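# Results of the structural survey
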Amino acid sequence: MSIPLDSPALALRAALHAALVADAALTALLGGPRIHDVPPAEADFPFVALGEAVVADWSTATEAGTEQALTLHVFSRSGGRAEAYAVAEAVAQALHDAPLALAGHRLANLRATTAEVRRESDGRTFHALVRFRAVTEPL
């Protein structure tokens, strides 16, 4: 299965990235616009990475649409769990119910659903998973 360039998933990812980079409170916590689709090998901590998306058909008998379950990742090393939670909360605040403009699509709903913080196996990295649910419709 190939993903069309006008995919609602790609349009949402671009809008999420733009919104996060533009959020002053989040970039202050990160020490700059450290929001990555694919983090560089030597990324500065803390940072946010756009993660997995599960896209499902949400169409009705009369209207097309998708439901997307998204995960954004926060990685922290200094400040540990407290920093990871603070950045995760800033990500949720920046995006929950945000009126994002999507290329070729309309965002009907974007909700933060869950957040969790775990310690990575290296013992010094904390990893927050911030999950969202989005519903989109074609324009």
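Structure shown above.
A brief structural summary. Because the structure is predicted, anything quoted here is derived from the model rather than measured.

## Digging into the packing of helix α1 (residues 8-22) against helix α3 (residues 80-95)
In the contact formed by α1 and α3, the axes pass within 10 Å of each other and the chain directions differ by 115°. With respect to the hand of their crossing, α1 and α3 are arranged in right-handed fashion. Side by side, α1 and α3 meet where L16, A19 and L20 of the first sit next to V91, A94 and L95 of the second. Of the residues that constitute the contact of α1 with α3, the class distribution is 6 nonpolar, no polar and no charged.

## Remarks on α1
Here α1 contains 15 residues, and its C-alpha end-to-end distance of 21 Å stays within 8% of the 21 Å for a straight helix at 1.5 Å per residue. Within α1 the residues assigned to the buried category are P8, A9, A11, L12, R13, A15, L16, A19 and L20. Two or three places before A9, at the start of α1, stands the capping residue S7, its side-chain oxygen 3.0 Å from that residue's backbone nitrogen.

## Digging into unusual backbone geometry
For the bond from F45 to P46, the omega torsion is -10°, close enough to zero to count as cis. Residue placement: P46 occurs in the loop between β1 (35-36) and β2 (47-57).

## A short note on the side chain of T27
For T27, the location among the structural elements is in helix α2 (residues 24-30). Among residues more than four places away in sequence, those in contact with T27 are L20, V21, G32 and P33.

## With respect to the pattern of salt bridges
Pairing of side chains with opposite charge becomes possible as their charged atoms draw close. Taken as a whole and judged by the stated rule, the model has 7 salt bridges. For D122, the salt bridge is made with R77, and the minimal N-O distance between the two is 3.6 Å. Separated by 45 residues along the polypeptide, D122 in the loop between β5 (105-119) and β6 (126-138) and R77 in the loop between β3 (66-76) and α3 bring together distant segments of the chain. Measuring nitrogen to oxygen at the nearest pair gives 2.8 Å for the salt bridge that ties E137 to R106. Placement of E137 in strand β6 and of R106 in strand β5 is noted, with a sequence separation of 31 residues between them. Under the relative-accessibility criterion, E137 is labelled partly exposed at 22%. Each of the salt bridges in this network shares a partner with another, and the network as a whole consists of E116, R118 and R131.

Calculation notes
Residues numbered from 1 in each chain as written. Predicted model: local features only at pLDDT ≥ 70, side-chain atom pairs only at ≥ 80, totals over all residues. Heavy atoms only, no water. Axes fitted to C-alpha atoms, helices over the stretch in contact; angles between N-to-C directions. Helix = DSSP H or I, 4+ residues; strand = E, 2+ residues; numbered from the N terminus. Left-handed = near helix turned anticlockwise from the far one by under 90°. Contact = heavy atoms within 4.5 Å. Nonpolar A, V, L, I, M, F, W, Y, C, P; charged D, E, K, R; others polar. Expected span 1.5 Å × (residues − 1). Buried < 20%, exposed > 50% of the residue type's maximum accessible area, 1.4 Å probe, protein only. Polar contact = N/O pair within 3.5 Å; in protein donor to acceptor, adjacent residues only side chain to side chain. Salt bridge = Lys/Arg side-chain N within 4 Å of Asp/Glu carboxyl O.

Any link to function would need more than the numbers given here.
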